[in-house]
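This is what each chain is made of:
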Amino acid sequence: MSSELSPIDKAKFVCAKRAAQFVESGMRVGLGTGSTAAWLVRCLGETVRNEGLSIKAVPTSTRTAELARRVGIEVISLDQAKWLDLTIDGADEFDAELNLIKGGGGALLQEKIVATASDRMIVIADIGKEVETLGAFPLPIEVIPFGWQTTQALVEETLVSMDVLGRESTLRMNGDAPFVTDEGNHIIDLHLKRIGNARQLALILNQMPGVVENGLFIDICDTVVVGYGDGKVEVRDINDGTVAKEQVEFGETQNLFSDLTD
Ligand code: 5RP
């Protein structure tokens, strides 16, 4: 399998495989959304099927729920779980403090609710997601459809007084129609280029009527597992300040992702 994967897919796979080792039997686990999180779900599914790992999982999107069920993971709702031991999710950007931009896959609302309801959040990301300053990746905000253009105008006006480099925003589309989230909302992507004060921006965006949530995850992530194309991983923990460098083997996973579509 490994010879068929691009370096970026190898990087995503190895960080997901390493992060799966943090999951223990009996845990309630939040499962993220996106291509890296999909690798994780596959890895966990394999451990459930082959090694009897017993977990209850709370997915962060209908896509992830479908995949988790398909690979044999028991899925429950967040209200059934109430609280989670661990959430593992991807990210679009992470900085040295492990603050994040998320929502590239449009699932930021459930992702933030689930991660916040967890004892620990582990982010899995290829090295290309690391940034010095957040903001090159467009920041998604979830808005309710009612009056979304008015909300967009208000957001752009508010950005004038914020420490950002760009103020353009675009409604995310799905073909010819606006993208619709699992909650029936829309996503507006903010092309900020550089976010000088992410903490302040996150607070201000969430005070605006019509904005349901923003994709800045501040002080939520505890650990990032960074993947490299050659199989190297780094486990960086913000709480104890450690960085562990390891090598993940690709072997014995030939058929693991043969029908992966996410
Ligand atoms: C979905 C997300 C994803 O975690 C993020 O977009 C990263 O995705 P990928 O692993 O496909 O690069 O936030 O809402």
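Residues numbered from 1 in each chain as written. Predicted model: local features only at pLDDT ≥ 70, side-chain atom pairs only at ≥ 80, totals over all residues. Heavy atoms only, no water.

**Considering the site of the ligand**
- As a matter of local geometry, the ligand sits amid 17 residues, with Ser35, Thr36, Asp92, Gly103 and Lys129 nearest to it.
- Take Ser35: an N or O atom from its side chain is 2.5 Å from an oxygen atom of the ligand.
- Measuring from an oxygen atom of the ligand, one finds a backbone N or O atom of Gly106 at 3.4 Å.
- The protein chains hide 91% of the 370 Å² of surface that the ligand would expose on its own.
- Looking at the shell around the ligand residue by residue, the class counts come to two nonpolar, nine polar and six charged. (Near = heavy atom within 4 Å. Polar contact = N/O pair within 3.5 Å; in protein donor to acceptor, adjacent residues only side chain to side chain. Areas by Shrake-Rupley, 256 points an atom, 1.4 Å probe, with all protein chains shown as cover. Nonpolar A, V, L, I, M, F, W, Y, C, P; charged D, E, K, R; others polar.)

**Observations regarding the domain arrangement of the chain**
- According to the domain assignment, the chain consists of domain 1 (2–130 + 219–241) and domain 2 (139–212).
- For domain 1 and domain 2, the distance between their C-alpha centres works out to 25 Å.
- The partner domain 2 presents 13 residues to the twelve residues of domain 1 that form the contact.
- Taken over both partners, the interface formed by domain 1 and domain 2 buries close to 960 Å², and the fraction arising from carbon and sulfur atoms is 51%.
- In this structure, the connection of domain 1 to domain 2 is made through one salt bridge.
- In this structure, Arg199 and Asp219 form a salt bridge, with 2.7 Å as the shortest nitrogen-oxygen distance. (Domains from an automatic or database assignment. Contact = heavy atoms within 4.5 Å. Buried area = accessible area lost by both parts, 1.4 Å probe. Salt bridge = Lys/Arg side-chain N within 4 Å of Asp/Glu carboxyl O.)

**Points about the sheet that holds strand β12 (residues 186–191)**
- Ordered in space as β9-β12-β8-β13, the four strands form an open sheet in which the pairing is antiparallel. Of all the strands in the sheet, the pair left with one neighbour each is β9 (168–171) and β13 (211–214). Neighbour to neighbour, the strand axes of the sheet diverge by 30° on average, direction disregarded.
- Where β9 and β12 come together, four bridges link them in antiparallel fashion. By the bridge assignment, Leu171 is partnered in β12 with Ile188.
- Sheet contacts for helix α5 (residues 108–116): β8 (139–143), β12 and β13; angle to β13, the most-contacted strand, approximately 65°.
- Across the sheet, helix α6 (residues 148–159) lies against β8, β9, β12 and β13, angled at about 160° from β9, the strand it touches most. (Pairing = 2+ DSSP bridges. Helix = DSSP H or I, 4+ residues; strand = E, 2+ residues; numbered from the N terminus. Axes fitted to C-alpha atoms, helices over the stretch in contact; angles between N-to-C directions.)

**Details of the sheet that holds strand β7 (residues 121–126)**
- Taking strand neighbours across the sheet as the criterion, the eight strands line up as β3-β2-β1-β4-β7-β15-β16-β17 in an open arrangement whose pairing is mixed. Looking at which strands have only one partner, the edges of the open sheet turn out to be β3 (74–75) and β17 (243–247).
- In this structure, strand β1 (residues 28–31) lies alongside strand β4 (residues 86–89), joined through three bridges in parallel fashion. Residue pairing across strands places Gly30 opposite Thr87, the latter belonging to β4.
- The strands touched by helix α1 (residues 7–20) within the sheet are β4, β7, β15 (223–227), β16 (232–237) and β17, with β7 carrying the most contacts at an inclination of about 160°.

**Some words on the packing of aromatic side chains**
- Counted according to the given criterion, the structure contains one aromatic pair.
- Across the ring face of Phe179, the terminal group of Arg172 is positioned such that the distance to the ring centre comes to 5.8 Å. (Phe/Tyr/Trp six-rings, centres within 6.5 Å; stacked < 30°, edge-to-face > 60°. Lys NZ or Arg CZ within 6 Å of the ring centre and 35° of its normal.)

**A look at the pairing of β1**
- Strand direction decides the pairing type here: β1 and strand β2 (residues 56–59), joined by four bridges, are parallel. Looking at β2, one finds that Val29 is bridged to Ala57.
- Crossover β1 to β2 through helix α2 (residues 35–51) is right-handed. (Right-handed = clockwise from strand over helix to strand, strands pointing away.)

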